[in-house]
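Geometric and topological summary
Listed here are the chains, written in short residue letters.
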Amino acid sequence: MTIARSFIARLLVKPERRENFIALQTELQALVFKHEPDALVYELLQSDDDPNLFHCVATFRDQAAFDHHMHIDFHDRLVPPILDCLAEDMQVSFHSSHG
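The structure displayed is predicted, hence computed values, not measured ones. The residue numbers shown here count from 1 along each chain, following its written sequence. Owing to the predicted nature of the model, reporting of local features is limited to residues with pLDDT of at least 70; listing and counting of side-chain atom pairs is limited to 80 or more, with chain, interface and lining totals taken over all residues. Excluded from the side-chain calculation are hydrogens and water; included are all heavy atoms of the structure.

All right, on to the pattern of salt bridges then. Any Lys or Arg side-chain nitrogen located within 4 Å of an Asp or Glu carboxyl oxygen qualifies as a salt bridge. The full count for this structure, using the stated rule, is 5 salt bridges. A salt bridge links Arg10 to Glu88; the nearest nitrogen and oxygen atoms lie 2.7 Å apart. Taken together, the positions of Arg10 in strand β1 (residues 3-12) and Glu88 in the loop between α3 (73-84) and β4 (91-98) put the pair 78 residues apart, joining distant regions of the chain. Between Glu27 and Arg77 there is a salt bridge, with the nearest N and O atoms lying 2.9 Å from each other. Of the two residues, Glu27 sits in helix α1 (residues 18-35) while Arg77 sits in helix α3, which places them 50 residues apart along the sequence. Using a 1.4 Å probe on the protein chains alone, a residue whose accessible area is under 20% of its type maximum counts as buried, one over 50% counts as exposed, and one in between counts as partly exposed. When its relative accessible area of 47% is taken as the criterion, Arg77 is described as partly exposed. The helix and strand labels rest on DSSP assignments: H or I over at least four residues marks a helix, E over at least two residues marks a strand, and numbering proceeds from the N terminus.

Following this line, the structure appears as structure tokens:
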């Protein structure tokens, strides 16, 4: 049985960087779907209550697919400027899916 690997990231964005953050995340999402067939889910969710609060939810087919995602060239290019948009450190939780 393959165990899928997921993460949920809580991202609080600086208000003045919100549009830039969304653009970077949109580019990242498009590249994930184009170049990572084992990325089953990659979604950016914006809070209805706080326009500067986002959650990124991602699920990868297995640990190897997650590891590949963490080292792909566009991840290394886009994640630093994404993190620069944040008002506080990103909070990430990791999850496994059996089935």
